[in-house]
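Letter by letter, the chains look like this.
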Amino acid sequence: MHAADTGGVLGSCRRTTSRASHEFACRLDESEAGTIERFHRAMKKGSKMPSPKLYLWICLLAIALIILICTGFDSVDTGYLSLESLKPALIVSYAINSKEVEDADSVCRGRRVYMYELPSKFNVDFYLNKTMCREGLMAWLDLCGRFEHGGYGLRYLNRTQYEGQWDEHWYDTDSYMLEVIFHTRMQSYPCRTLDPSRADAFFIPYYTGVDALLMLYEKPDLSDTIDKRANFGSEIVEWMDKNAHQYWHKYQGRDHFMLWGRTCWDFRLQKYWGTGFVDRQYIFNTTNLMMEREPTTENEQAIPYPTGFHPSSPERLWSWILEVQRSERNFLMAYVGAPRPELDWSVRGILSTQCAKAGNKTCNMVDCHEITCSHNPLAIYKAFLKSNFCLQPRGDSSTRRSTFDCMIAGSIPVFFHPDSAYTQYTWHLPQDPTSYSVYISEDDLKAGVTISKVLRGYSQERIHKMRKTIISIIPNLIYNDYSNDIRSASKDAFELSIEKVIERITDYKKSTDLLCAIGYTGNSIHDGRNLEHASIISVPPLRWDPADFVLQKILQ
């Protein structure tokens, strides 16, 4: 009890909790008040100072009386903590714990996410059913191990021993397990709410990319397979419409988000590839996170590919960063890849040729025809840790996981197409591309520009500055095996993605409120038309920004 509370002890003490405006009164009985009065009279007479034990007994007695007498608490919903269950702790150390409860509530204000409890067939059955993950998803590939450790896969120490930094924090991570990783991390998201009425955003934990495997790798020329691919995703939309109608329809999906654990092209129906998921009702309104977006589609956002490094503590992360800083870089550049002669637009063949001509003292090349690069981080990271620059051409699509392996190793990426990074990872990479990367266009490369000559034009001072920028964002590019405090400035790729999703949804809601405030009374203020009775299959995607409408109203 604080010194300022003494007057309240002799008479009565009243406080108001800052969290819930509940008053509780405490009064000491006359005998206890008399004890304290006699204590003060003894002190005035100059009697001997009482022992510290007396102070302790007085404090303990006062606390006990407060606990027994105080009755003004009601249960207050904080979203995660019941004040009723914490009542004794709150009373004993009120000055600390009431502030903690207030902070816990305030820090989650505007950040609460509700995660739907979907039927298991939409997510966890893909790995709980071992027959499914062994041969049901891809007949020629056992995927069960890749679901382990929350989507991070098997630890490398389970297979072989790596020296130095290659310890239990490295996993055989499959890039396409991103949906599993997010589902696992959302389970312990500190601002997750179990009450949808309090949610600021809604997460649909559907393993979209995993489920799509059943469609993508069947024979594409069969008519029934084409029909299946066209209708892909209709079942999850029907479930949402039936079981979450109130929240799904409130903003017509715009306050919901999903993970698509593949590139955007797998969810666009083409003759020989893809599915029709992007055109499902309201799916074209949800914020969809994936490893590669279609750059002109506003509700799609690319986030980092998962690499094999998942530190279990901040200390382990900073230990790796120190390793990156201290690494001796004896090579000008590194190239990890293999030619793609079947792709007319690919410049990989040019890179392989230039790397060979530059010599093995200038270009450190890892040929992915000779080793399986996607599951062999040792060779890849050794090359990147020893090189100032890393060449990052387009892969099977515009982006590739190697870009993030490169930067996590502190190497400076060299891009040859803007869609490889600049139009993709706007949430996780610096706004100024020149601060962390080099750009040489594919056209210039085909015209005969020599990469090594361009890179030698960079001074050591500039290289050092660019590497410093890259090292500063390494925490934002990895998926940790631990969670940061939500108030921390340090966020991993998952935490930063969730923060940006909520910002995007909040901005949309503000625009919607403004539309209502200025008197817009259309059938739908969410996508410009009434979709209540639209066909799930036939609804085409609609690009409509409420901010544009607001601007038009203001200009009028």
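Reading the values: rules and limits
Residues numbered from 1 in each chain as written. Predicted model: local features only at pLDDT ≥ 70, side-chain atom pairs only at ≥ 80, totals over all residues. Heavy atoms only, no water. Pairing = 2+ DSSP bridges. Helix = DSSP H or I, 4+ residues; strand = E, 2+ residues; numbered from the N terminus. Axes fitted to C-alpha atoms, helices over the stretch in contact; angles between N-to-C directions. Contact = heavy atoms within 4.5 Å. Expected span 1.5 Å × (residues − 1). Bend = angle between axes of the 7 residues up to and from the residue. Buried < 20%, exposed > 50% of the residue type's maximum accessible area, 1.4 Å probe, protein only. Lys, Arg positive; Asp, Glu negative; His and termini not counted. Salt bridge = Lys/Arg side-chain N within 4 Å of Asp/Glu carboxyl O. Polar contact = N/O pair within 3.5 Å; in protein donor to acceptor, adjacent residues only side chain to side chain. pLDDT = per-residue confidence, 0-100. Parallel < 35°, antiparallel > 145°, perpendicular 65-115°, else oblique. Left-handed = near helix turned anticlockwise from the far one by under 90°. Nonpolar A, V, L, I, M, F, W, Y, C, P; charged D, E, K, R; others polar.

**Q** How would you explain the sheet that holds strand β3 (residues 113-115) if you had to name every residue and give the values?
**A** On the basis of which strands lie adjacent, the open sheet formed by five strands has the order β3-β4-β5-β6-β7 and parallel pairing. Of all strands in the sheet, those bounded by a partner on one side alone are β3 and β7 (300-302). Taking the axes of each pair of neighbouring strands and ignoring which way they run, one obtains an average angle of 30 degrees across the sheet. Sheet topology note: the strand β6 (residues 287-292)/β7 ladder contains three bridges and is parallel. Considered in β7, the bridge of L289 is made with Q301. Packed on one face of the sheet, helix α8 (residues 178-187) meets β3, β4 (201-204), β5 (256-263) and β6 and runs near 145 degrees to β5.

**Q** Can you tell me about helix α19 (residues 460-477), naming the residues and giving the values?
**A** Here α19 contains 18 residues, and its C-alpha end-to-end distance of 25 Å stays within 8% of the 26 Å for a straight helix at 1.5 Å per residue. Bending of α19 peaks at approximately 25 degrees at the position of I471, with proline P475 no more than four residues after it. Buried within α19 are the following residues: I463, M466, R467, I470, I471, I473, I474, P475, N476 and L477.

**Q** For the side chain of R329, give the residues involved together with the corresponding values.
**A** Here R329 shows up in the loop between α13 (314-326) and β8 (331-337). The buried charged residue R329 lacks any salt bridge partner; its closest oppositely charged side chain belongs to E323, at an N-O distance of 9.4 Å. A polar atom in the side chain of R329 sits 2.8 Å from the backbone oxygen of F384. At 3.2 Å, the side chain of R329 and the backbone oxygen of L385 are in polar contact. Beyond its immediate stretch of four places on either side in the chain, R329 contacts V324, F384, L385, K386, S387, N388, A409, G410, S411 and R467.

**Q** Describe the sheet that holds strand β12 (residues 438-439), and please don't skip the residues or the numbers.
**A** Consider a sheet: its strands pair through backbone hydrogen bonds, and that pairing is either parallel or antiparallel. Read from one edge to the other, the open sheet built from five strands follows the order β9-β8-β10-β11-β12, with strand pairing classed as parallel. Each of the sheet's edge strands pairs with one partner strand only, and the pair in question is β9 (363-367) and β12. Here five bridges tie β8 to β9, and the two strands are oriented parallel to one another. Bridge pairing in β9 links G337 to D367. Across the sheet, helix α14 (residues 348-358) is in contact with β8, β9 and β10 (387-392); its angle to β8 comes to roughly 140 degrees. Relative to the sheet, helix α15 (residues 377-385) contacts β8, β9 and β10, its axis offset from that of β10 by approximately 125 degrees.

**Q** Let's hear about the environment of E168: which residues, and what values?
**A** Turning to its location among the elements, E168 is positioned in the loop between α7 (130-136) and α8. C-alpha of E168 to C-alpha of Y156: the two residues are 12 residues apart in sequence and 6.9 Å apart in space.

**Q** Give a detailed account of the confidence of the model for the protein chain, specifying residues and quantitative values.
**A** Of all residues in the protein chain, 69% attain a pLDDT of 70 or more, and the chain-wide mean is 78. Considering only residues more than four positions removed or in separate chains, one finds that residues 1-33, a stretch of pLDDT under 50, has 59 contacts. Contacts from residues 71-102, a stretch scored under 50 in pLDDT, to residues over four places away or in other chains number 56 contacts.

**Q** Residue-level account of the packing of α13 against α19, with values.
**A** The interhelical angle for the contact between α13 and α19, taken along N-to-C directions, is 150 degrees, at an axis separation of 11 Å. With respect to each other, α13 and α19 are oriented roughly antiparallel. Where α13 crosses over α19, the handedness of that crossing is right-handed. Across from L317, W318, I321, V324 and Q325 in α13, the residues of α19 making contact are I471, I474 and P475. Counted by class, the contact of α13 with α19 contains seven nonpolar, one polar and no charged residues.

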